[in-house]
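These are the residues of each chain, in order.
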Amino acid sequence: MTPVALVTGASAGIGAVVVRLLLERGWTVYAVARSAARLEAATSRGARGIVVDLGDERSLEVAVRRVLAEASRIDVLVNNAGYGEQGAVEDVPAAAARRQLEVNVLGAARLAQLVLPGMRERGRGRIVNVTSVVADLHLPLGGWYGASKAALGALTDSLRQEARPYGVRVVDVRPGPVSTGWQEREAEAVRWVSAGGGYSGVADRVAARALERGSASSTPERVARAVLAAATSPRPRDRYFVGRGVRLAHSALRLLPAAAGDALVRAYLAGPPARPGPGDAAGRRAGDKVAERRAGAEAAGRATFPLRRAAPIR
Ligand SMILES: NC(=O)c1ccc[n+]([C@@H]2O[C@H](COP(=O)([O-])OP(=O)(O)OC[C@H]3O[C@@H](n4cnc5c(N)ncnc54)[C@H](OP(=O)(O)O)[C@@H]3O)[C@@H](O)[C@H]2O)c1
């Protein structure tokens, strides 16, 4: 019987590669994202596209019902979709913070709830949750995104123990930086959300480091291969760390006192620029582009980033 996978975040980055790898292995793949147009690359390869917003619980239910009606089961759920709400905890508006948790945590958790009954009944199945190194390593101005990934990691740990007696394996794929344009978007968002306020100095440093990280990132292909191993290996690991220092960050930060972890982060943000790497020119170009777009937008009196800063009580 052809195995069936439901992959979220299938229109770009890691998810697009996961879809391709599963299709190459002959799987039936349901590819999820918010727009049919952005799913065209996946559907033209043979995936079946489903337009869903992870923040909309109803659309998740409709999607799973459709897959079960067409394919009668879901063998693997890959919870990969996600985005990063950047900016100081104080600056990010409550609605934006809530949406971050709805999409990155509650959407993934709801999908797990929807596929589990069938998996438990069949006595087999896999749920692969793509978390992040930021589940362990919390930088300033990444609090809301980090909270979402730490929460997803915690849910994954509980779910792994709950589901295993039923033959369902729940796996955490935990990447460090991945070259999907993420770091450029992070730098732009951080500068935009926390520019001109009390955190603008640290915002500039966080943004500069994000752009530098681009040169040390894993390829989406590498992360997708870890997802594939998590989804198909007869004996998957509980957690796949992908990228330099990700496993170390996970272990070390649990043992270090908070003050020592904070000191390491401070030194990292304040330190000299990282050694030039192959991605640095691209990082600088992206940085220039961000500055240009911001200057243009400010001159035209509009925001390039669809976020407003949280307002204090007066
Ligand atoms: N890139 C990194 O450095 C990095 C590092 C560690 C972990 N991760 C995690 O890896 C996952 C994939 O990252 P990536 O770099 O491949 O991201 P990406 O290139 O930005 O792609 C994100 C995917 O998620 C989908 N998505 C975003 N918001 C959605 C929503 N509300 N409803 C449905 N789909 C939504 C997007 O689809 P549409 O926009 O087309 O709807 C897109 O397919 C994320 O969970 C991210 O947190 C990334």
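- The name an unreviewed UniProt entry gives the chain is SDR family NAD(P)-dependent oxidoreductase, with Rothia santali as the organism.
- Note on the chain: under the UniProt heading Sequence similarities (unreviewed entry), the record states "Belongs to the short-chain dehydrogenases/reductases (SDR) family."

## Comments concerning the overall build of the chain
Part 1 of the argument: On a plain count of helices and strands, the chain comes out with 11 helices and 7 strands.
Part 2 of the argument: Within the span of the chain, comprising 314 residues, buried residues form 46% of the whole.

## Considering the environment of Gly176
Part 1 of the argument: For Gly176, the position within the fold is in the loop between strand S6 (168–175) and helix H6 (182–193).
Part 2 of the argument: The class for Gly176 is buried, based on 21 C-beta atoms found within 10 Å.
Part 3 of the argument: Setting aside residues no more than four positions away along its own chain, Gly176 makes contact with Val133, Ser218, Val242, Gly243, Arg244, Gly245 and Val246.

## What to know about the sheet that holds strand S3 (residues 48–51)
Part 1 of the argument: The strand order across the open sheet built from 7 strands is S3-S2-S1-S4-S5-S6-S7, with neighbouring strands paired in parallel fashion. Either end of the sheet is taken by a strand with one partner, and the two such strands are S3 and strand S7 (239–242). Neighbour to neighbour, the strand axes of the sheet diverge by 15° on average, direction disregarded.
Part 2 of the argument: Alignment of strand S5 (residues 125–130) against S6, held across 6 bridges, turns out to be parallel. Across the sheet, Gly125 pairs through a bridge with Val168, a residue of S6.
Part 3 of the argument: The strands touched by helix H5 (residues 143–163) are S5 and S6; relative to S6, the strand with the most contacts, the crossing angle is about 155°.

## Brief notes about the nonpolar core
Part 1 of the argument: Counting residues in hydrophobic clusters, the biggest one holds 86 residues, and the most contacted among them are Ala5, Ala31, Val32 and Val227.
Part 2 of the argument: Of the residues forming this core, the biggest block, 9 residues, is contributed by helix H4 (residues 94–122).
Part 3 of the argument: Structurally, this core is a two-domain feature, drawing no fewer than three residues from each of domain 1 (4–178 + 218–255) and domain 2 (180–217 + 257–297).
Part 4 of the argument: The residues contacting Val227, other than those within four sequence positions of it, are Val18, Val78, Val128, Val130 and Val173.

## A few points about the environment of Leu253
Part 1 of the argument: Looking at the secondary structure, you find Leu253 in helix H9 (residues 246–255).
Part 2 of the argument: Taking the C-alpha atoms as reference points, Leu253 and Leu137, 116 residues apart in sequence, are found 7.2 Å from one another.
Part 3 of the argument: Non-local contacts of Leu253, meaning those with residues more than four positions away in its chain, are made with Asp136, Leu137 and Gly261.

## Some remarks on the site of the ligand
Part 1 of the argument: Around the ligand sit 29 residues in total, of which Gly9, Gly13, Arg34, Gly82 and Trp182 are the nearest.
Part 2 of the argument: At 3 residues, helix H1 (residues 13–24) tops the list of elements feeding residues into the shell around the ligand.
Part 3 of the argument: When grouped by side-chain class, the residues that make up the shell around the ligand number 15 nonpolar, 11 polar and 3 charged.

## Describing H6
Part 1 of the argument: Spanning 12 residues, H6 covers 16 Å between terminal C-alpha atoms, matching the ideal 16 Å at 1.5 Å per step.
Part 2 of the argument: Within H6, 11 of the 12 residues are buried, which leaves the element mostly enclosed by the surrounding structure.
Part 3 of the argument: Within the sequence span of H6, burial applies to Trp182, Gln183, Glu184, Glu186, Ala187, Glu188, Ala189, Val190, Arg191, Trp192 and Val193.

## Here's the deal with the pairing of S5
The side chains of a regular strand alternate between the sheet's two faces.
Part 1 of the argument: Counting buried positions over the 6 residues of S5 gives 6, a clear majority of the element.
Part 2 of the argument: Burial of the side chains of S5 extends over both faces: Gly125, Ile127 and Asn129 are buried on one face and Arg126, Val128 and Val130 on the other.
Part 3 of the argument: With 4 bridges joining them, strand S4 (residues 76–79) and S5 adopt parallel strand pairing. Bridge pairing links Val76 to Arg126 in S5.
Part 4 of the argument: The β-α-β motif built from S4, the intervening H4 and the parallel element S5 has right-handed crossover chirality.
Part 5 of the argument: Between the parallel pair S5 and S6, the chain is carried across by H5, and the sense of this crossover is right-handed.

## A closer look at the environment of Ala163
Part 1 of the argument: Position of Ala163 among the secondary structure elements: in helix H5.
Part 2 of the argument: Overall, the presence of 19 C-beta atoms within 10 Å leaves Ala163 in the partly exposed class.
Part 3 of the argument: Ignoring sequence-local partners within four residues, the contact set of Ala163 consists of Leu116, Val168 and Val170.

## Points about the packing of H6 against helix H7 (residues 200–213)
Part 1 of the argument: At a minimum axis distance of 8 Å, the contact between H6 and H7 shows a crossing angle of 175°. With respect to H7, the element H6 is oriented roughly antiparallel. For the pair H6 and H7, the contacting residues are Gln183, Glu184, Glu186, Ala187, Val190 and Arg191 in the first and Ala203, Asp204, Val206, Ala207, Ala210, Leu211 and Arg213 in the second.
Part 2 of the argument: Within the contact of H6 with H7, the residues separate by chemical class into 7 nonpolar, 1 polar and 5 charged.

The rules behind these values
Residues numbered from 1 in each chain as written. Predicted model: local features only at pLDDT ≥ 70, side-chain atom pairs only at ≥ 80, totals over all residues. UniProt positions renumbered as here; feature names shortened; annotations may be inferred. Helix = DSSP H or I, 4+ residues; strand = E, 2+ residues; numbered from the N terminus. Buried ≥ 20, exposed ≤ 12 C-beta atoms within 10 Å, placed from the backbone. Contact = placed C-beta atoms within 7 Å. Pairing = 2+ DSSP bridges. Axes fitted to C-alpha atoms, helices over the stretch in contact; angles between N-to-C directions. Core = buried A, V, L, I, M, F, W, Y, C linked by C-beta atoms within 7 Å. Domains from an automatic or database assignment. Near = placed C-beta within 6 Å. Nonpolar A, V, L, I, M, F, W, Y, C, P; charged D, E, K, R; others polar. Expected span 1.5 Å × (residues − 1). Right-handed = clockwise from strand over helix to strand, strands pointing away. Parallel < 35°, antiparallel > 145°, perpendicular 65-115°, else oblique.

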